[in-house]
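Observations on chain architecture
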Amino acid sequence: MRAMRQSLLAALALLTTFAAQPAPYDLLLKNGRIVDGTGSPWFAGDVAIRGDAIVRIAPSIADPAARVIDVGGNAIAPGFIDIHTHARRGITQVPTAPNYARQGVTTVIEGPDGSSPLPLAPFLAELETLKISINIGSFVGQGSVRSAVIGDINRKATPAEIQKMTALVEQGMKDGAFGMSTGLFYVPGTFTPTDEVIELAKAAGRLGGIHESHQRDDAARLLDSVNETIAIGEKGGLPTQISHAKVVGVANWGRSAEMLALVDAARARGVDVTIDQYPYTASSTSVAAALIPAWVLEGGRDATLGRLTDSGSREKAKGGIVMMIRDERGGGDPKNVQFASCGFDPSLAGKTLADLTRARGLAPTIRNAAEVVIWIVQQGGCQGIFHAMSERDLVRIMRHPATMVASDGEVPVFGRANPHPRSYGTFARVLGVYVRDKKVLTLEDAVRKMSAFPAARLGLTDRGVLRPGMKADIAVFDPATVRDTATFEKPHQYAEGFSQVIVNGQVVVEKGEMTSARPGRVLYGPGRK
Ligand SMILES: [Zn+2]
């Protein structure tokens, strides 16, 4: 009797164990074309996920799963990693970041162009409290560091100031930065001698970080700037990256060939230099940064307005602005400058500098437009879009094996202002226009440039490739229909062709729409203490 009872209990226990045993997988993606991120040709197969990780990839997986999705021959790729974004513009208002998630991006990195929150720790702590749909990490910005220690003024740092700045970069790395960004094009980065940048880069490198740069000049002094970015890596002893590589100004078009030759020569002698790029022939930044000489901007807004009032310095400033419209970001014509947003007059969003010059009663010549640029800065300034690059340079840079894809975008509030379409379209545009339509890249190479390559650059060893044991960040899309729909005229349009996007094992995009899942995590760099 007792023995029978015992065996009954044992049988019951066994039954309960079976009942409590979950299905072997939480999620099973069936019938995919697996583009694994390495650049290898796709293969037909299934991907099984348990918790936040990929646990199995095989030609056919028959085991049960809590949820099975037949992807019907769509591509299954690692979620895209965007190494250069301004996501803090908007991520707190729109933590779901649908503009990114809906084009397969599962990780964005902040702190670009020398500009990051400082200190970094409270910013990352705030992100930890947000319910975000995708992963996010940050660089520490050299410009922010210099601004905190010296201010936005044009002079060399003292040894004591260099020590202070080094300590701030180290703190940024210990807080979790992936490296140090520079924006030597911007104030105050532009006031920094190369040697000073190298000193700070060494500090980031000692803690495992990389350097990425918005270069000092993408126009007439492009090649000097490429050499500088290379020197920062070579002398600083850390990997270095040319961010959003571009050739600005008609007179400079074609120089991407020389730029890439410099990169190839540096790589041949052992310098770890790489490139990122967005697939558009227009850039975006503030009108002041793009069209006003740096000396006019030194020392902040009051100093700038003073210089624009004094008749002598105003004339000199105007000469600089004329040059910048003619030869640089102005693209040679006021119609090539478009307003993304103007705080003092939201109705200007989408209009051009030529439109505004006419509206102010002037013929849209470059000289008149320069007057209007001064007026804009006096009103409080605008964000602009600058059509000043060539498609041939874009394609040549994209084809280079050391070029990865990055948006340089932000998280727009849907419908607000007229932002650069790169925030909505970068990754889908590469897959639609440059893989399918123009055949500039193979599908596999494009996916590599969006996943394994940036992951390796950031030292993310558990993302960027589809392999058992890796985090389940996955983009599922139809290579035949994937496309960007955001344009310079109508930027607030989501990418199409993504059936599922998965972050840390949770589906955040389903049949092209956001779900309620918010599995995004804050990612930390190699120096975190
Ligand atoms: Zn930039």
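The structure reproduced in this document is the subject of the present report. (Residues numbered from 1 in each chain as written. Predicted model: local features only at pLDDT ≥ 70, side-chain atom pairs only at ≥ 80, totals over all residues. Heavy atoms only, no water.)

This paragraph deals with the coordination of the zinc ion. Surrounding the zinc ion are the protein donor atoms Asp113 (OD), Asp113 (OD), His214 (ND1) and His244 (NE2), which sit 2.1 to 2.4 Å from the metal. Coordination at the zinc ion is irregular: its four donor atoms span angles of 54 to 133° at the metal. Along the chain, the residues that donate to the zinc ion are spaced as D-x100-H-x29-H. Remark: His214 occurs in strand S11 (residues 210-214) and Asp113 occurs in the loop between strand S7 (105-110) and helix H3 (120-129); sequence separation between them is 101 residues. (Donors = N, O, S within 2.8 Å, 3.2 Å for Na, K, Ca; no water. Tetrahedral: all angles 85-135°; square planar, octahedral: opposite > 155°, others 65-115°. Helix = DSSP H or I, 4+ residues; strand = E, 2+ residues; numbered from the N terminus.)

With that settled, consider the packing of helix H16 (residues 422-437) against helix H17 (residues 443-450). Between two packed helices, what matters for the description is the angle formed by their axes and the separation of those axes. Where H16 contacts H17, the axes come no closer than 10 Å and their chain directions differ by 160°. Classified by the interaxial angle, the pair formed by H16 and H17 is roughly antiparallel. As H16 packs across H17, the resulting crossing turns out to be right-handed. Together, Phe427, Val430, Leu431 and Val435 of H16 and Leu443, Ala446 and Met450 of H17 make up the contact between the two elements. (Axes fitted to C-alpha atoms, helices over the stretch in contact; angles between N-to-C directions. Parallel < 35°, antiparallel > 145°, perpendicular 65-115°, else oblique. Left-handed = near helix turned anticlockwise from the far one by under 90°. Contact = heavy atoms within 4.5 Å.)

With that settled, the discussion passes to the pairing of strand S18 (residues 474-477). Of the two faces of S18, the one carrying Ile474 and Val476 and the one carrying Ala475 and Phe477 are both buried. Where strand S5 (residues 75-78) meets S18, four bridges bridge the pair, whose relative direction is antiparallel. Directly across from Pro78, in S18, lies its bridge partner Ile474. Sheet analysis places S18 next to strand S19 (residues 498-503), joined by four bridges and oriented antiparallel. Paired with Val476 across the two strands is Gln500, which belongs to S19. (Buried < 20%, exposed > 50% of the residue type's maximum accessible area, 1.4 Å probe, protein only. Pairing = 2+ DSSP bridges.)

Locating Asp36 in the fold gives a position in the loop between strand S1 (25-34) and strand S2 (43-50). Of the side chains with opposite charge, Arg467 lies nearest to the buried Asp36, which makes no salt bridge, at 4.4 Å. At 2.7 Å, the side chain of Asp36 forms a polar contact with the side chain of Thr38. (Lys, Arg positive; Asp, Glu negative; His and termini not counted. Salt bridge = Lys/Arg side-chain N within 4 Å of Asp/Glu carboxyl O. Polar contact = N/O pair within 3.5 Å; in protein donor to acceptor, adjacent residues only side chain to side chain.)

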